[in-house]
Amino acid sequence: MKKQNFEVIEVGTKKVASRIITQQDVETFAQISGDCNPLHLEKDFADRTIFKGRIVHGMLVAGLISAALSKFDGVVVYLSQSLNFLKPVRAGDRIEATVEVVEKIERRRRLRLRTVCKNQQGEVIIDGEAKVKIMEIENPNA
């Protein structure tokens, strides 16, 4: 038995993930990724920049798009992602990532999605587009 039929996904379908990003998240991401830019980690340095304080890694924030994609049933395989970083994010910000199906490519079982991240004020901080393939999986418990 399959979890979801690709055919039931419609243009306009949205999936959402949200999270408050903490300074601990930033520090963990720096350790995992190796991106130890002082703009993210060193308050005294970051205070002297145009940002006037530490900011969150853009790719950490963009990871919430992947979390939203995981809300689709089945296995989502990322094919591509474009990202436009529009505003900085700071530790303590609540970020909401929304993916919206804008096109179905039936013969290849692919979706083209608009991907948007907003902060707690509703400001768009990341805007982009993704292409994914939805693989259907057999339910081993059926």
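For the structure itself, consult the block above.
Model, not experiment: these values are computed from the prediction.

How should I be thinking about the side chain of Asn-119 in this particular structure?
Note that Asn-119 resides in the loop between strand 4 (110-118) and strand 5 (124-135). For Asn-119, the side chain forms a polar contact with the main-chain nitrogen of Gln-121, separated by 3.0 Å. Beyond its immediate sequence surroundings of up to four residues, Asn-119 is in contact with Arg-94, Ile-95 and Ile-125.

Just checking my understanding: could you explain the pattern of salt bridges for this structure?
Inspection of every chain in the model, using the stated rule, returns six salt bridges. Its salt-bridge partner being Arg-114, residue Asp-127 comes within 3.1 Å of it at the nearest N-O pair. Linking Asp-127 in strand 5 with Arg-114 in strand 4, this pair joins segments that are 13 residues apart in sequence. Look at Arg-114 and you get partly exposed, because its relative accessible area is 40%. When salt bridges that share partners are traced, they join Glu-103, Arg-112 and Glu-129 into one network.

Thresholds, definitions, all that
- Residues numbered from 1 in each chain as written.
- Predicted model: local features only at pLDDT ≥ 70, side-chain atom pairs only at ≥ 80, totals over all residues.
- Heavy atoms only, no water.
- Helix = DSSP H or I, 4+ residues; strand = E, 2+ residues; numbered from the N terminus.
- Polar contact = N/O pair within 3.5 Å; in protein donor to acceptor, adjacent residues only side chain to side chain.
- Contact = heavy atoms within 4.5 Å.
- Salt bridge = Lys/Arg side-chain N within 4 Å of Asp/Glu carboxyl O.
- Buried < 20%, exposed > 50% of the residue type's maximum accessible area, 1.4 Å probe, protein only.

None of the figures reported here should be taken as evidence of function without further support.
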